[in-house]
Amino acid sequence: MSESAVNSGRLEATATHGVTPALHHQFEDIEQQREAGNFGMWIFLATEMLFFGAIFTAYIMYRVMYYPGFEAGSRGLEASFGATMTFVLLASSFTMAMSVHAAHAGKRRMLLGFLFATMLLGIIFLGLKFTEYTHKWHEQLVPGLNFHPAAESLRGAPEHAVELFMCFYFFMTGLHALHMIIGIGLLGVMAILAWQGKISPENYNRVEAAGLYWHFVDIIWIYLFPLLYLVGGRY
Amino acid sequence: MNLSYRLIAEVFMAQWPQLRPEDASTSAGQVDRLYFFLTGLTLFFTFSIFATIFYFMIRYRRRSEKERPPETEESKVLEITWIVIPGLICVGIFLWSASLFFAAARPPRGSAEIFVVGKQWMWQLQHPEGAREINQLHIPVGVPVQLTMTSEDVIHDFFVPAFRIKMDVVPGRYTSEWFQATKIGSYHLFCAQFCGTLHSGMQGSIEVMSPTDYAQWLRDNSGNKSMAESGQELFARLGCDTCHVTDGTGSGPALQGRFGKQVTLRDGQTRVMDDAYVRQSILTPGSLPLPNYRPVMPTFQGQISEEQILQLIAYLKSIGSERIEAP
Amino acid sequence: MSTAVAEVPVESRIHYLNASYGIKSWLFTTDHKRIALLYLGSITLMFFIGGAAAVLMRLHLIEPAGALVQPETYNKLFTMHGVVMVFFFLIPSIPATLGNFLVPMMIGARDLAFPRLNLLSWYVYITGATFTLYALISGGVDTGWTFYTPLSSHYVNTHVIATALGVFITGFSSILTGLNFIVTIHKMRAPGMTWKRMPLFLWSMYATSIIFVLGTPVIAVTLFLLGLERLFHVGIFDPAIGGDPVLFQHLFWFYSHPAVYIMILPGMGVVSELITCFSRKKPFGYIFIAYSSLAIAMISFFVWGHHMFVSSQSVYAGFIFSALSFAVAIPSAIKVFNWTATLYKGSISYQAPMLYALGFIGLFTMGGLTGLFLASLATDVHLHDTYFVIAHFHYIMVGGAVMAYLGGIHFWWPKITGRLYHDGWARVAAVVIFFGFNLTFFPQYMLGYLGMPRRYAVYPAEFQVLNVMSSAGASILGIGYLIPFIYLLWSIRYGPVAGPNPWGAKGLEWETPSPPPTDNFEESPVVPDEPYGYAKPEHAHV
């Protein structure tokens, strides 16, 4: 019975197979546990909105104050990289949504496949980001550690304004990358749980919560990309 | 009505002179009146609540363990009442206070100007006539005085309790406050924004004198140069006049007749050439590109003190009414 | 006095304290009640550290020229007093101790929604506290707890980054606690417990948690940006390199103003519980008290500029912030009136918790009303950054929040420990604290109006009399705080054993033995139709 259940890639909560979800002792029933988990993730995302929101506010203030410097700094970024990373993340959101669908439908192989795809896309994103950072290091545009911009990079704007832009660039994308790393780790945990057969149609809300987190991190990037890479437009 | 209220308060306060700071400016009395009102309100409500509670505590003290008090009816009327009445009182206080605040933010025309530079841990004050003081400000009684202030380093605050005035002194910008002294005397000047180790040492005094005494003091202390004259000297010494040529043929615009007028920047924005504009042009000229001029003005950041910038501003103001001569 | 009967000797019944022994059973616990006690120990330590700084400051201020320490040291003392008291004592105090202990019990649950996250909260708190204590031991920081730039980012060479990092880390502890409470209150109420049947303490914990969750991330970002500027000399807040020092103030106060409501709302919740129990009446205007907590939480996010009326902020911004600051006073007034009305025709007894609650109402009223002086633009110009402000917020934080905290500790002490403390000594301590508190802080209103600025290590001689009065009061206050420390600890071992409900209070936490079993309830709690059913006849099993 159990073998065929595994072979078909379907998970069923049968009495013998024992895929009863672990009910934590503080909850009355699995429904309450599921709802609490999801609601908790939404509250957490609200805190993240305020967190990134504060940084965005500071960024916007300085962009208005030092527009030429911010435009110069932004033109120094590689918009093609940024665009590629955006597509990578959008694709990863698609694969993430498919993972949640697979979990809901009880299709274990599909779930694992899409989880790995999402993780892979996330790692590609991080690889591109790392490459970008390396380029910035070589161009000597890293504030505080290695900031000696060539005159062309400044495009006539004051140096401190360009440095401020680069500071925001590294802080915002770095914080975003940190969230991506955590997200990839989270998906890794989901993959392990899925492999162990602990995700079922009755008990898939952890994947759903991970999905919420992933989509949120993606949305942050959707804001970051135009704010950082597209100042002054691109023709 | 106002007068008798004030009289009662003054008689009351006169018994305990230590409870009230000196009333030495035109706005001090007005602020005090609001303050006393708020004090009265606070004492009234605090004592009312205290008294009510005290009364209930005694009247309704538990007399036996078996006591089971009856339910009291809720009262929406009572709730609304004690929301609306405090609300109205608050609106009243807000309007009264905001009007005083608004007046305090607008110095009267023709106020005498004094320039203040705060730095760790002292006050530098300049009179336009040229007198410079450290930690002390001599001013005449009965004349409105506007302070234009900036800091060389961290945020300070120019606080004169006797005048009821206070304003942060912020590096990188000019802030201002004004007062009109009403009593001759010597009053505390405090720095009221924590500024480092000797913050509490950054004290001084405002010396209010009669107009004749002040005029004499000014003559004795101004040396031979007014602020505008010092500024003119700087203008030449720093080489400003090589580009800002009077006949307009230099690489920078001529500056006579320009102070206080509108300037259109290269991107179409309009600014007024005021103190802050001049300071910004001197320290970060690249941030204010003009049409018709190449951005070749060097920055003087690090080469000029805040005091010197104020002298240059005084000079530009002094030639601000001259006409530009056509080339 | 209470009629406690030792029903079953505590030793032979298993409850959360004796269910398991050993240090690991405490350090790896997920039981919300044990975590509450872990917090209780930690914040008490931080309270005494912050208090020690205050004692040194008040001793120093006896002399106008300074009696005790150099100005640098004085500056470090008031900074550490502020940082430790605000971030490591007041903000966690009631939520992390009484909140953690009572939230699940009051809603009839076995634990919070995320017990392991709760334990993580405590470890995060300890980590943050360690960084700050490290900064303290290595020589302290002297920027003021407000870290204004560019002083803190460019002009001091003390341990700004270590302190800021400690505060940053501890902030996450608050966020996780707030998240836990919100989810628990939304999703885990016992069957029958609708929102309007919840005790008022839960309403105030919920409102506090909203502020935790939405406000704390902003201070985290602010301190992080400060650290970046300090480490890498980028011009974020330092005008000499193109930054804006007033932006720092906006970002800082955007959190730190709501933070003061984090510090008072839980105390208001405790007071609601104490007033009702010790007058044996349901709260007058329950729904008004409940909604006023939410109103305070919401409006609190829009008033931060009242700390900045003289910062070079525009006059019009000043108008808006002033008007909203008056608005936020109204819900607090609603509470005070309703508490007072609750006493009407009640049956009032004067055990120590009630004395603390009554003291709270009086002192909070005065503290709150002096807030109007500061919300009012014209008077704030004179009073800003003087001792008036210090007096105002200490009336609320110490006369209010700390007294509510002590009242709550005393009230729930039998539930937490299973023992009764000596109420006679407790009342003495409450009176000593009340008296010492007023002698310490009332003179400071007068000092402020006279013009004595804050954060002054030396002051003009004419201010000495009031300063000496204040210092005398502080010594009395200090003694007052030590007394409960002694008799509460003594009671753990030698106090009479407490029954489930020594005060005759209403609430699910009183329907279970003292101390409670690990899962809180031996039988599923029965949710009454209404909270605070004091007027209803006694049920047999209570």
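Residues numbered from 1 in each chain as written. Chains lettered and ligands numbered in written order. Predicted model: local features only at pLDDT ≥ 70, side-chain atom pairs only at ≥ 80, totals over all residues.

Undergrad: What exactly am I supposed to notice about the overall build of chain B here?
TA: Secondary structure assignment for chain B yields eight helices and 12 strands. Taken against the 2.2 N^0.38 rule, which gives 20 Å for 327 residues, the C-alpha radius of gyration of chain B at 28 Å runs more than 25% over that of a compact globule. Taken along its principal axes, the extent of the C-alpha atoms in chain B is 100 × 50 × 40 Å. Residues counted as buried form 34% of the 327 residues belonging to chain B. (Helix = DSSP H or I, 4+ residues; strand = E, 2+ residues; numbered from the N terminus. Rg over C-alpha atoms; globule rule 2.2 N^0.38 Å. Buried ≥ 20, exposed ≤ 12 C-beta atoms within 10 Å, placed from the backbone.)

Undergrad: Mind showing me how you'd approach the overall build of chain A here?
TA: Within chain A, the secondary structure is distributed over eight helices and two strands. By its C-alpha atoms, chain A is 75 × 35 × 30 Å across when sized along the principal axes. Here chain A holds 235 residues, and the buried ones make up 40% of them. Pairs at least 24 apart in sequence give 76% of the contacts found in chain A among residues at least 6 apart. (Contact = placed C-beta atoms within 7 Å.)

Undergrad: What am I meant to see in the domain arrangement of chain B here?
TA: The parts lose accessible area when they come together, and the size of an interface is often stated as this lost area. Residue and element names in this part refer to chain B. The domains assigned to chain B are domain 1 (2-51 + 75-104), domain 2 (112-221) and domain 3 (227-318). A separation of 29 Å is found between the C-alpha centroids of domain 1 and domain 2. Each partner contributes to the interface: domain 1 provides eight residues, whereas domain 2 provides 12 residues. (Domains from an automatic or database assignment.)

Undergrad: What am I meant to see in the nonpolar core here?
TA: One broad trend across soluble globular proteins is that nonpolar side chains are buried collectively. Counting residues in hydrophobic clusters, the biggest one holds 324 residues, and the most contacted among them are Val116 of chain B together with Leu202 and Val271 of chain C. Sort the elements by how many residues they give to this core and helix H3 (residues 71-107) of chain C lands first, with 22 residues. When neighbours within four sequence positions are excluded, Val271 of chain C is seen to be in contact with Trp339, Ala357, Phe360, Ile361 and Ala404 of chain C. (Core = buried A, V, L, I, M, F, W, Y, C linked by C-beta atoms within 7 Å.)

Undergrad: Where do I start with the confidence of the model for chain A in this structure?
TA: For residues with low pLDDT, the predicted coordinates do not support detailed interpretation. Confidence in the prediction for chain A averages 88 pLDDT; 90% of positions are at 70 or higher. Note on residues 1-19 of chain A: pLDDT under 50 across the span, and 24 contacts to partners over four residues away in sequence or across chains. (pLDDT = per-residue confidence, 0-100.)

Undergrad: Whenever I open this one, unusual backbone geometry confuses me. Can you help?
TA: That bond from Gln120 of chain B to Trp121 of chain B is cis: its omega, -5°, falls within 30 degrees of zero. Relative to the elements of secondary structure, Trp121 of chain B occurs in the loop between strand E1 (112-119) and strand E2 (122-126). For the bond from Thr149 of chain C to Pro150 of chain C, the omega torsion is -5°, close enough to zero to count as cis. Within the secondary structure, Pro150 of chain C sits in the loop between helix H4 (115-137) and helix H5 (151-155). Backbone geometry places Arg280 of chain C, a non-glycine residue, at a positive phi of 55°. Relative to the assigned elements, Arg280 of chain C resides in the loop between helix H8 (245-279) and helix H9 (286-299). You can call Arg280 of chain C buried: it has 22 C-beta atoms within 10 Å. With a phi close to 60°, Lys345 of chain C is a non-glycine residue in the positive phi region. Along the polypeptide, Lys345 of chain C turns up in the loop between helix H10 (315-343) and helix H11 (352-375). Taking the C-beta count within 10 Å as the criterion, Lys345 of chain C has 16 such neighbours and is therefore assigned partly exposed.

Undergrad: Sorry if this is basic, but what is going on with the sheet that holds strand E3 (residues 132-134) of chain B here?
TA: For sheets, the rule is that strands pair by backbone hydrogen bonds, running either parallel or antiparallel. Residues and elements named next belong to chain B. Pairing is mixed in the open sheet, where five strands are placed in the order E3-E2-E1-E5-E8. Taken across any chain shown, the strands that pair with only one partner, and hence form the sheet edges, are E3 and strand E8 (175-180). Averaged over all neighbouring strand pairs, the angle between strand axes comes to 25°, with direction disregarded. As paired elements, E1 and E2 share five bridges and run antiparallel to each other. Directly across from Val116, in E2, lies its bridge partner Leu125. (Pairing = 2+ DSSP bridges. Axes fitted to C-alpha atoms, helices over the stretch in contact; angles between N-to-C directions.)

Undergrad: Before we go on, may I ask you to explain the environment of Ser25 of chain B in this structure?
TA: All names here are of chain B. Here Ser25 lies in the loop between helix H1 (2-15) and helix H2 (28-59). Residue Ser25 is classed as buried on the basis of its C-beta count, with 25 C-beta atoms lying within 10 Å. Sequence separation between Ser25 and Gly142 is 117 residues, and the spatial gap between their C-alpha atoms is 8.7 Å. In this view, Ser25 contacts Ala162, Phe163, Arg164, Phe179, Gln180, Ala181 and Thr182; residues no more than four positions away in its chain are not counted.

Undergrad: How should helix H7 (residues 159-195) of chain A be read in this particular structure?
TA: Counting along an α-helix, one turn takes 3.6 residues, and residues three or four places apart therefore face a common direction. Between the first and last C-alpha of H7 of chain A there are 53 Å, a value that for 37 residues agrees with the 54 Å anticipated at 1.5 Å per step. Backbone geometry just downstream of H7 of chain A places Gly197 of chain A in the positive-phi region, at approximately 80°. (Expected span 1.5 Å × (residues − 1).)

Undergrad: Could you clarify how one ought to interpret the pairing of strand E6 (residues 156-160) of chain B in this entry?
TA: For a regular strand, side-chain orientation follows a simple rule: the groups alternate between the two sheet faces. All names here are of chain B. Of all five residues in E6, five are buried, a share of seventy percent or more. The alternating pattern of E6 places His156, Phe158 and Val160 and Asp157 and Phe159 on opposite faces, both of which are buried. Sheet analysis places E6 next to strand E7 (residues 165-169), joined by five bridges and oriented antiparallel. Across the sheet, Phe159 pairs through a bridge with Lys166, a residue of E7. Here E6 folds back onto E7, and the loop between the two strands holds four residues, one of which, Arg164, carries a positive phi near 60°. Bridge count between E6 and strand E9 (residues 185-191): two bridges; the pairing is antiparallel. Its bridge partner lying in E9, Phe158 is registered against Cys191.

Undergrad: Just to check I follow, could you spell out the interface of chain C and chain B for this structure?
TA: Each partner contributes residues to the interface: chain C has 71 residues there, and chain B has 69 residues. Its residues assigned to classes, the side of chain C that touches chain B shows 45 nonpolar, 19 polar and seven charged. (Nonpolar A, V, L, I, M, F, W, Y, C, P; charged D, E, K, R; others polar.)

Undergrad: Got a minute to help me understand the packing of H3 of chain C against helix H7 (residues 200-232) of chain C in this structure?
TA: When two helices pack together, their arrangement is given by the angle between their axes and by how far apart the axes lie. Residue and element names in this part refer to chain C. For the pair H3 and H7, the least separation of the axes is 10 Å and the interaxial angle reads 125°. It follows from the interaxial angle that H3 and H7 lie oblique. Between H3 and H7 lies a crossing whose hand is left-handed. Residues Pro95, Gly99, Leu102, Val103, Met106 and Ile107 of H3 form the contact with H7, whose own contacting residues are Phe201, Leu202, Met205 and Thr208. For the contact of H3 with H7, the per-class residue count stands at eight nonpolar, two polar and no charged. (Parallel < 35°, antiparallel > 145°, perpendicular 65-115°, else oblique. Left-handed = near helix turned anticlockwise from the far one by under 90°.)

Undergrad: How should I be thinking about the sheet that holds E7 of chain B in this particular structure?
TA: Residue and element names in this part refer to chain B. Here five strands make up an open sheet; going across it, the order is E4-E10-E9-E6-E7 and the pairing mixed. Pairing within the sheet leaves two strands with one partner each, and these edge strands are strand E4 (136-140) and E7. Sheet twist, expressed as the average angle between the axes of neighbouring strands with direction ignored, equals 20°. In the packing of helix H4 (residues 211-221) onto the sheet, contacts are made with E4 and strand E10 (204-209), and the angle to E4 comes to roughly 130°.

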